[in-house]
Amino acid sequence: MSNDEFRAALARLAAGVVLITAQEPPLDEHGRGEDVGMTATAFVSVSLDPPLVMVSLRNDSRMDDLLAEQPLWAVSVLAESQRQIAGRFAMKGRISDRLLFADIPYLRGEVTGAPLVEGALATLECRTEQRVPAGDHTLVIGRVLTAGLPNTDGEPLAYFKGRYRRLG
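Here the structure is a predicted model, which means the values were calculated and not measured. (Residues numbered from 1 in each chain as written. Predicted model: local features only at pLDDT ≥ 70, side-chain atom pairs only at ≥ 80, totals over all residues. Heavy atoms only, no water.)

Is there a simple way to explain the packing of aromatic side chains in this structure?
Aromatic ring pairs are described here by two measures, namely the spacing of the ring centres and the angle between the planes. Taken as a whole and judged by the stated rule, the model has 3 aromatic pairs. Site record: aromatic cluster; members linked through ring pairs are Phe89, Phe101 and Tyr106. (Phe/Tyr/Trp six-rings, centres within 6.5 Å; stacked < 30°, edge-to-face > 60°.)

Shown next as structure tokens:
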């Protein structure tokens, strides 16, 4: 089986779209670290008791490197109307994260300090419990510390056959 065959087969699995965010540790005691964000479709619920979720991160990606040292991170479950946010944080060779966050309305998580996108269908703040090497990715399992439902009326953003889609 080739990588292309594997990729084509798994493209038939519809997935929800989330924005994973975290804050880099500050360079000194007077500053705030830079916000970092990454679009993910490999995100799942793992356990209800304790509340655990998992995200798959490409090895040596900026988010993988950051979450190896920063245990606190957040998740915004994106609504269909937030397709532009998903595309912005999924770009290859993109501009700095500071500029990516510039015109996106968000609140800071009370526990993590990470950005939580306003209007997201749900938000979670997490603390890493375990990191599991898995091929060219790392599975990051996080304990959910807070959960919110900022947008109860929106439709979910889905990813299917290599494109963002709406359900229905």
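Help me understand helix H3 (residues 83–90), please; the structure alone is not making it clear to me.
Working note: α-helix, 3.6 residues per turn, so residues spaced by three or four point in the same direction. Residues of H3 that are buried: Ile85, Ala86, Arg88 and Phe89. One face of H3 carries all of its buried residues, which in axial projection span an arc of 165°. The inward-facing, buried residues of H3 abut strand S2 (18–23), strand S3 (35–40), helix H4 (97–101), strand S8 (115–117), strand S11 (157–160) and strand S12 (163–166). (Buried < 20%, exposed > 50% of the residue type's maximum accessible area, 1.4 Å probe, protein only. Helix = DSSP H or I, 4+ residues; strand = E, 2+ residues; numbered from the N terminus. Arc of directions from axis to C-beta. Contact = heavy atoms within 4.5 Å.)

Help me understand a nonpolar patch on the surface in this model?
Together, Met1, Phe6 and Leu10 make up an exposed nonpolar region whose accessible area comes to about 380 Å². Topologically, Leu10 is positioned in helix H1 (residues 3–10). (Patch = residues over 30% accessible without salt bridge, like charges linked within 9 Å, V, L, I, M, F, W, Y side chains within 5 Å. Areas by Shrake-Rupley, 256 points an atom, 1.4 Å probe, with all protein chains shown as cover. Salt bridge = Lys/Arg side-chain N within 4 Å of Asp/Glu carboxyl O.)

For this particular structure, what's the right way to read the pattern of salt bridges?
One side chain can pair with another of opposite charge once the charged atoms of both are near each other. This model, assessed by the stated rule, comprises 10 salt bridges. The partner of Arg62 in a salt bridge is Glu24, with the nearest N and O atoms 3.0 Å apart. Here Arg62, found in helix H2 (residues 62–69), pairs with Glu24, found in the loop between S2 and S3; they are 38 residues apart in sequence, far enough to count as distant. We classify Glu24 as partly exposed; its relative accessible area is 25%. A salt bridge links Arg143 to Glu129, with the nearest nitrogen and oxygen atoms 3.2 Å apart. On the criterion of sequence distance, the pair formed by Arg143 in strand S10 (residues 137–148) and Glu129 in strand S9 (residues 122–134) is long-range, its members being 14 residues apart. By relative accessible area, which is 26% here, Arg143 ends up partly exposed. One salt-bridge network, in which partners are shared between bridges, spans Glu24, Glu34, Arg62 and Asp97.

In this structure, what is going on with the nonpolar core? I would like to understand it.
Taken as a class, soluble globular proteins show a tendency for nonpolar side chains to be buried jointly. Ile20, Phe43, Val55, Met63, Trp73 and Val75 are the most contacted members of the largest nonpolar core, which has 19 residues in total. Secondary structure elements with two or more residues in this core: S2, S3, strand S5 (52–58), H2, strand S6 (72–77), S9 and S10. The residues contacting Ile20, other than those within four sequence positions of it, are Val36, Gly37, Met38, Ala40, Phe43, Val55, Met63, Trp73, Ala74 and Val75. Among the nonpolar cores identified, the runner-up in size contains 13 residues, and Leu19, Leu100, Phe101 and Tyr164 belong to it. (Core = buried A, V, L, I, M, F, W, Y, C linked by side-chain atoms within 4.5 Å.)

Just to check I follow, could you spell out the pairing of strand S4 (residues 43–47) for this structure?
Regular strands place their side chains on alternate faces of the sheet. Relative to S5, S4 is paired through 4 bridges, and the arrangement is antiparallel. In the strand pairing of S5, Phe43 is matched with Val55. As consecutive antiparallel partners, S4 and S5 are separated by 4 residues. (Pairing = 2+ DSSP bridges.)

Explain the pairing of S11 to me, please; I cannot follow it from the model alone.
Pairing geometry for strand S1 (residues 15–16) and S11, over 2 bridges, is antiparallel. From the neighbouring strand, Ala15 faces S11, where its bridge partner is Tyr159. Inspection of the sheet shows S11 paired to S12 by 4 bridges, in the antiparallel sense. Within S12, the position partnered with Phe160 by the bridge is Arg163. Between S11 and S12, which pair antiparallel in sequence order, lie 2 residues; one of them, Lys161, sits at a positive phi of approximately 55°.

Sorry, what's going on with the environment of Ile104 here?
Within the secondary structure layout, Ile104 lies in the loop between H4 and strand S7 (106–108). Each C-alpha atom of the pair Ile104 and Ile85 lies 7.9 Å from the other, and the pair is 19 residues apart in sequence. With residues up to four places along the chain from it excluded, the contact list for Ile104 reads Ile85, Arg88, Phe89 and Val117.

Function cannot be inferred from these measures alone, as they are strictly geometric.
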